[in-house]
Amino acid sequence: KIVDKLIMAETSGIPSSLSRGILQPRVVAATLPTPDVLQRGNGSSTSSSGRKKTSTWRTWPSSSLGHLVGLSTIGLTSRYLSRRSSKNTLGRQPVALRAGGAQYGDEFVGDEVDADLVDSLKQRTLEALDLDFILERLQGLCYTATAAEMAVDPHALLAQSPEEARALYDTVLELTQLEDADLDLEAKLDIADEVDKCTHGLVLEPNQLFKVSESIEALLRLRNGLEAANTRGVEIPSLLAYCQDIDLPDRLLDIMLEAFQEDGELSLKKFPELAQLRQAVRELEEACSRTMAEVLSSGKYSAYLSDDGYMQFGGHYVLGVKPRFKEKVGRMFDESRSGRTAYVEPFEVIEYADGLSKSKKELERMVRRIYGNMSLAISSASEDMKRCLKAAALIDLARARLFLGEDMEGEVPKVGDDGIIQVRQARNPCLVLRGGKKVVGYRLELGTSSQCLLLTGPNAGGKTVVLKTLGLLALLARCGIPIPGGEAPRVDFFEVVLADVGDMQTIVDDLSTYSAHLVASRIMLSAAEGVGPRALVMVDEAATGTDPQQGAALARAMLESFLEMGARVVTTTHSNQLKDWAFQDERTMTAAMEYKLGRPTYRLTTNAVGESHAIETAQRLGLPTSIVQRAEQLLSDDQRQLLALQRQASAAEQDYVAAKLEAEEREEIAKKAIGDAAAKESDLAYREKEIAKMEVSLKQRMEALQRQ
């Protein structure tokens, strides 16, 4: 209530002491965002384990990324930085609220409004943490269509408890014990549509049945391979549990296994009666062709023919005959448009042709009956099929998690339930996957000695990257994906992960930037209430966008509220008031982004406070010198003195670095000189030994000559 009153006073000019009961709210329906369809492209990937594939997936609704369960669901990102505009919000428009509760100017308050804004805040959290970039990579590593669908579906992907998260990692670890031959899963298994068609009473086309047959055989190979590994002594209890679900009725297996040849035709070995009919058809076709050739070569009807040779007409063998002679040749089937030619089947071939027609119809009926029985068997086993496909997809998804962890050089973390994050060398997963320059790692700790991490330092120095890294690590732990956190990492299960990063106007229409941030803060406070250490809240650039003093006071009050709830908090700031508070509050640890030689190094130093270096950053990024100089003139005396001291410190540091480099160069020169002298001394000693040997030899020869 206090926060709401402060918001009211800030955004509408109404005194904060005014009772909300005096207001007369008008409540109207909210216009909610409509989901679009996110187009997925071709996926191709190769891993150190020898995996290689290229596949094209269908489209998945982007709305599936935001359908999270209640307030306790993690937000996922929805922005592919390398492939779409930074303004892309997956087709979601801000929630346009005319009023909900009470509306005065830019203010939106009331429980009904909060409920409407929850989904929008979750969606904004998705965009902020860039998790969908990770999910796209995960999807590209999936072989099966169902796994690829699940890879971007939070309901299927995210663990809902610490036990479930640990179970996901157990499965990943089991996969590391297998050999390549143990996990035979390269088929796409994209047969869900075919199974659904059968359940609606449709008979599948031959190519569709062939596809189902291949998928069934692939499922059995997958199960057999894992069971063989277990027989060999490999302990894979989680994978074997999935194998228990890969079980199909005998009726389906009897009719579908080995039912097709490699070219997609029905197997004659599987259906010998089909082979007999096909043989009969071939023999009758040969008899018809042979008889027609004999008729033509005999010249018996040559006087009656209007065309040379014969043709097949509707499965019958006919000659082109002059109409007035048709009854002398045989049975007429048709005539030309001009009426000058009648198409007649000779008497000699009628018996063979009728037998051929009968055999073809019988063959067609038999094939249709086989296809019908296959479709009926699939329909009867539809639930079993879906269960098998899901089990295979879960195995495939676990393998994709392993492969993605390998690509990030990740480790399986310890997952607890105490709201703790401890990583020795945390690197941002998105930066790691994008490659490029070496990604700087951070030693991060949250939830042990402190509940809150307050990040300070220069603009464009990497504070937001550290904040996003912590959020992504929490999300990856719920996804069961190995994290790039160095050796023996720990990332506990966080039920709520919410981020206020960037322009919060994307949450609600018609609000100022600061008012939108306040609304987001109110929603996050509501979401974190009652969750305790399972809540991870991230606030970027706290206390900005309004009067510095009042903004800092509100930001501190909000952060203290999160801490009182037991939540874990990560925030960045340039506010000196918040820096002072962080030093005084034992629940909060400060950290600074390193700034050396006039540039950020993107390294993190804990238990330190960094300056913003706004003037230096403006100068470094090319702002006109006249503007920078004027800005310096507008600073207070104390601020100018501080700026001068910073520059002196930077200059001294540069001099120190230059002197150190010069000393190192001189040291290298001295080392080289010492090495050269030692080499010369060694060479001289060697020569002296050689001379001594020569003198001894010469003396021996002289003595020998004297004796002679």
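As the structure is a prediction and not an experimental result, all values here were calculated from the model. (Residues numbered from 1 in each chain as written. Predicted model: local features only at pLDDT ≥ 70, side-chain atom pairs only at ≥ 80, totals over all residues. Heavy atoms only, no water.)

Q: Looking at this structure, how should I read the confidence of the model for the protein chain?
A: For residues with low pLDDT, the predicted coordinates do not support detailed interpretation. When pLDDT is averaged along the protein chain, the result is 79; 75% of the residues meet or exceed 70. Across residues 5-107 the pLDDT falls below 50, and counting only partners more than four positions away or on other chains, this stretch makes 250 contacts in the model. (pLDDT = per-residue confidence, 0-100. Contact = heavy atoms within 4.5 Å.)

Q: What is the right way to look at helix H14 (residues 382-407) in this model?
A: Residues that lie three or four places apart on an α-helix share one face, since the helix turns once every 3.6 residues. Between its terminal C-alpha atoms H14 stretches 37 Å, which fits the 38 Å expected from 26 residues at 1.5 Å a residue. A positive phi of about 55 degrees marks Glu-409, the residue just after H14. (Helix = DSSP H or I, 4+ residues; strand = E, 2+ residues; numbered from the N terminus. Expected span 1.5 Å × (residues − 1).)

Q: I tried to follow the sheet that holds strand E12 (residues 442-446) on my own but got confused; where do I start?
A: Sheet strands associate in pairs through backbone hydrogen bonding, adopting either a parallel or an antiparallel arrangement. In spatial order, the strands read E12-E11-E14; together these three strands make up an open sheet with antiparallel pairing. Since the sheet does not close on itself, it has two edges, and those belong to E12 and strand E14 (490-491), each with one partner. In this sheet, E14 lies alongside strand E11 (residues 421-426) in antiparallel orientation, the contact comprising two bridges. Bridging across to E14, Ile-421 finds its partner in Val-491. In the packing of helix H16 (residues 463-479) onto the sheet, contacts are made with E11, E12 and E14, and the angle to E12 comes to roughly 65 degrees. (Pairing = 2+ DSSP bridges. Axes fitted to C-alpha atoms, helices over the stretch in contact; angles between N-to-C directions.)

Q: How should the packing of aromatic side chains be read in this particular structure?
A: Think of a pair of aromatic rings as described by two things: how far the centres are apart, and how the planes are tilted against each other in angle. Going through the model one piece at a time under the given rule, you end up with four aromatic pairs. By way of ring pairs, the aromatic residues Tyr-301, Tyr-304 and Phe-325 are connected into one cluster. (Phe/Tyr/Trp six-rings, centres within 6.5 Å; stacked < 30°, edge-to-face > 60°.)

Q: Help me understand a positive patch on the surface in this model?
A: Residues Lys-358, Lys-361, Arg-365 and Arg-369 make up a contiguous surface patch of positive charge. The topology assignment puts Arg-365 in helix H13 (residues 347-380). Assessed through its relative accessible area of 47%, Arg-365 is described here as partly exposed. (Patch = residues over 30% accessible without salt bridge, like charges linked within 9 Å, V, L, I, M, F, W, Y side chains within 5 Å. Areas by Shrake-Rupley, 256 points an atom, 1.4 Å probe, with all protein chains shown as cover. Salt bridge = Lys/Arg side-chain N within 4 Å of Asp/Glu carboxyl O. Lys, Arg positive; Asp, Glu negative; His and termini not counted. Charge placed at Lys NZ, Arg CZ, Asp CG, Glu CD. Buried < 20%, exposed > 50% of the residue type's maximum accessible area, 1.4 Å probe, protein only.)

Q: What exactly am I supposed to notice about the pairing of strand E9 (residues 330-335) here?
A: On any regular strand, side chains alternate: one points to one face of the sheet, the next to the other face. Note: E9 against strand E10 (residues 342-346), five bridges, orientation antiparallel. Bridging from a neighbouring strand, Asp-334 pairs with Tyr-343 of E10.

Q: Which parts of the structure should I look at to understand the side chain of Gln-208?
A: In this fold, Gln-208 is placed in helix H8 (residues 206-231). Looking at Gln-208, its side chain comes within polar contact range of the main-chain nitrogen of Glu-205, at 2.9 Å. In contact with Gln-208, not counting residues within four places along its chain, are Glu-194 and Lys-197. (Polar contact = N/O pair within 3.5 Å; in protein donor to acceptor, adjacent residues only side chain to side chain.)

Q: Mind showing me how you'd approach the sheet that holds E10 here?
A: Taken in spatial order, the four strands make up an open sheet running E7-E8-E10-E9, and their pairing is antiparallel. The open sheet has two edge strands with one neighbour each: strand E7 (305-313) and E9. For this sheet the average axis-to-axis angle between neighbouring strands, irrespective of direction, equals 35 degrees. Pairing geometry for strand E8 (residues 316-321) and E10, over three bridges, is antiparallel.

Q: Help me understand the nonpolar core, please; the structure alone is not making it clear to me.
A: A general trend in soluble globular proteins is that nonpolar side chains are found buried together. In terms of nonpolar packing, the biggest core is built from 72 residues, with Leu-178, Leu-226, Leu-252, Leu-266, Met-374 and Ile-378 touching the most fellow members. Examining the composition of this core, we find that 11 residues originate from one element, H13, more than from any other. Setting aside residues up to four positions removed in sequence, Met-374 forms contacts with Leu-209, Ile-255, Met-256, Ala-259, Phe-260, Leu-266 and Phe-271. Ranked by size, the runner-up nonpolar core spans 64 residues in total, among them Leu-141, Cys-142, Leu-158 and Ala-591. (Core = buried A, V, L, I, M, F, W, Y, C linked by side-chain atoms within 4.5 Å.)

Q: Sorry if this is basic, but what is going on with the pairing of E8 here?
A: Judged by how many residues are buried, E8 sits mostly within the fold: six of six residues are covered. Because side chains alternate across E8, one face comprises the buried residues His-316, Val-318 and Gly-320, and the other comprises Tyr-317, Leu-319 and Val-321, equally buried. Here five bridges tie E7 to E8, and the two strands are oriented antiparallel to one another. Its bridge partner being in E8, Phe-313 is matched across the sheet by His-316.

Q: Quick question: what am I supposed to make of the environment of Thr-199 here?
A: Within the secondary structure, Thr-199 is located in helix H7 (residues 192-199). With 181 residues separating them in the primary sequence, Thr-199 and Ser-380 have C-alpha atoms 7.6 Å apart. Excluding residues within four positions of it along the chain, Thr-199 makes contact with Ser-379 and Ser-382. Of the polar contacts made by the side chain of Thr-199, one reaches the side chain of His-200; its length is 3.5 Å.

Q: I'm lost on helix H19 (residues 576-584) in this one. Help?
A: Taken together, the buried positions of H19 are Leu-578, Lys-579, Trp-581 and Ala-582. In an axial view of H19, the angular spread of the buried residues amounts to 160 degrees, which keeps them on one side of the axis. For H19, exposure combined with an orientation more than 90 degrees from the buried face picks out Phe-583 and Gln-584. (Arc of directions from axis to C-beta.)

Q: Hey, could you run me through unusual backbone geometry in this one?
A: Leaving glycine out, the prevailing phi sign among residues is negative, and the prevailing peptide bond configuration is trans. In this structure, Leu-189 is a non-glycine residue whose phi angle is positive, near 55 degrees. Turning to its location among the elements, Leu-189 is positioned in the loop between helix H6 (162-175) and H7. Although it is not a glycine, Glu-258 adopts a positive phi angle of roughly 55 degrees. Mapped onto the fold, Glu-258 is located in the loop between helix H10 (250-256) and helix H11 (272-298).

Q: Would you take a moment to explain the side chain of Asp-182 for this structure?
A: Of note, Asp-182 is situated in the loop between H6 and H7. By relative accessible area, Asp-182 is classed as buried at 5%. Within the structure, the side chain of Asp-182 is placed 2.7 Å from the side chain of Arg-232, a separation counted as a polar contact.

Q: Is there a simple way to explain the packing of H8 against H14 in this structure?
A: Two quantities define a packed helix pair, namely the angle between the helix axes and the distance between the axes. The interhelical angle for the contact between H8 and H14, taken along N-to-C directions, is 55 degrees, at an axis separation of 11 Å. In terms of orientation, H8 lies oblique with respect to H14. Considering how the two elements wind past one another, H8 and H14 form a crossing that is left-handed. In this structure, H8 contributes Val-212, Ile-216, Leu-219, Leu-222 and Leu-226 to the contact, and H14 contributes Met-385, Cys-388, Leu-389, Ala-392 and Ile-395. A class-by-class count of the residues in the contact of H8 with H14 yields 10 nonpolar, no polar and no charged. (Parallel < 35°, antiparallel > 145°, perpendicular 65-115°, else oblique. Left-handed = near helix turned anticlockwise from the far one by under 90°. Nonpolar A, V, L, I, M, F, W, Y, C, P; charged D, E, K, R; others polar.)

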